[in-house]
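Below, each chain spelled out in residue letters.
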Amino acid sequence: MKLSVFLLLIIFPLLLNAQKKSTSTNKDQKEFKNQGEQEDYLTELFFARNYKEQSFRKFNGEIIVTNIDVYRYNNQVLILNNLDYASKTIFEKGLFYPEIITGKVILKLKTELDSLTMEKRALYNYINQDTLNISSFEELKQLNKTPQQRRFRFWLFRKGRLNPTVCFIELTNINATVKTDISAFIAGSTLTFHKEGWIII
């Protein structure tokens, strides 16, 4: 009897405290009208927590457009899904290209692949992505702090993965003004930020 009373005296306050924390957390949570509003909020938080200006060089090889939406950069392919003309120029001019995401891809011959164990082959395919897909590409106008910087969000699909990853980039054009249209902005810009965000579930 004494043990059960003792346990009640210890457990009850802990449960009460946990309940208080739970209700206060629910009150502090932000309410969203739709998924788009939630994604914009998460994007704003992501930039606030993760932004650090970077410097990327342009792709210095030949970019071959084999189809209206298929771009080849050496031994890597980027497939662009439903991008407008201005956005495609980011990839046509080599401002953003697969190596920025994957690093150098080291392709193996079929005989080399056949000699690998299943685990090593799976790891090789996971790391060495020769084809990437980009969709849902959009400018984040609400996050453009100055006329010289424009930020974008897109979904990245990798071979062998079911769900896409949300990615972010920033272009900087030091000569841009509020009157500079998107095409002129991209033509004179450099990539100054890239980071992967979260996986879409």
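About the cut-offs
- Residues numbered from 1 in each chain as written.
- Predicted model: local features only at pLDDT ≥ 70, side-chain atom pairs only at ≥ 80, totals over all residues.
- Heavy atoms only, no water.
- Helix = DSSP H or I, 4+ residues; strand = E, 2+ residues; numbered from the N terminus.
- Buried < 20%, exposed > 50% of the residue type's maximum accessible area, 1.4 Å probe, protein only.
- Contact = heavy atoms within 4.5 Å.
- Core = buried A, V, L, I, M, F, W, Y, C linked by side-chain atoms within 4.5 Å.
- Pairing = 2+ DSSP bridges.
- Polar contact = N/O pair within 3.5 Å; in protein donor to acceptor, adjacent residues only side chain to side chain.

A. Looking closely at the overall build of the protein chain. Of regular secondary structure, the protein chain possesses seven helices and seven strands. Secondary structure elements of the protein chain, listed N to C terminal, follow the sequence α-α-β-β-β-α-α-α-α-β-β-β-α-β. Residues counted as buried form 32% of the 201 residues belonging to the protein chain. In the protein chain, of all internal contacts separated by at least 6 residues, the share reaching a separation of at least 24 is 57%.

B. Representation of the nonpolar core in the model. With 26 residues, the main nonpolar core has Ile90, Phe91, Phe96, Ile134, Phe137, Phe154 and Leu171 as its most contacted residues. Residue assignment for this core shows that the elements contributing at least two residues are strand S2 (70-73), strand S3 (76-80), helix H3 (85-92), helix H4 (98-102), strand S4 (131-139), strand S5 (149-158), strand S6 (165-172) and helix H7 (182-187). Beyond its immediate stretch of four places on either side in the chain, Phe91 contacts Ile63, Tyr73, Leu78, Leu80, Leu83, Phe96, Ile134 and Phe137.

C. Region of interest: the pairing of S6. In terms of burial, S6 is a largely internal element, eight of the eight residues being buried. Neither face of S6 is open: one carries Thr165, Cys167, Ile169 and Leu171, the other Val166, Phe168, Glu170 and Thr172, and all of them are buried. Here S5 pairs with S6 via eight bridges, running antiparallel. Each bridged residue has a counterpart across the sheet, and for Phe154 the counterpart in S6 is Cys167. Following S5, the chain reverses through six residues before pairing antiparallel with S6; Gly160 in that reversal takes a positive phi of roughly 90 degrees. For S6 and strand S7 (residues 190-199), the ladder comprises seven bridges, and the chain directions are antiparallel. Bridge assignment links Ile169 to a residue of S7, and that residue is His194.

D. Highlighting the side chain of Arg150. With respect to the secondary-structure elements, Arg150 resides in strand S5. Judged by its relative accessible area of 15%, Arg150 falls in the buried class. In terms of polar contacts, Arg150 uses its side chain to reach the backbone carbonyl oxygen of Thr180, at 3.1 Å. Excluding residues that lie within four positions of it along the chain, Arg150 makes contacts with Glu139, Asn144, Ile169, Glu170, Leu171, Thr180, Asp181, Ile182 and Phe185.

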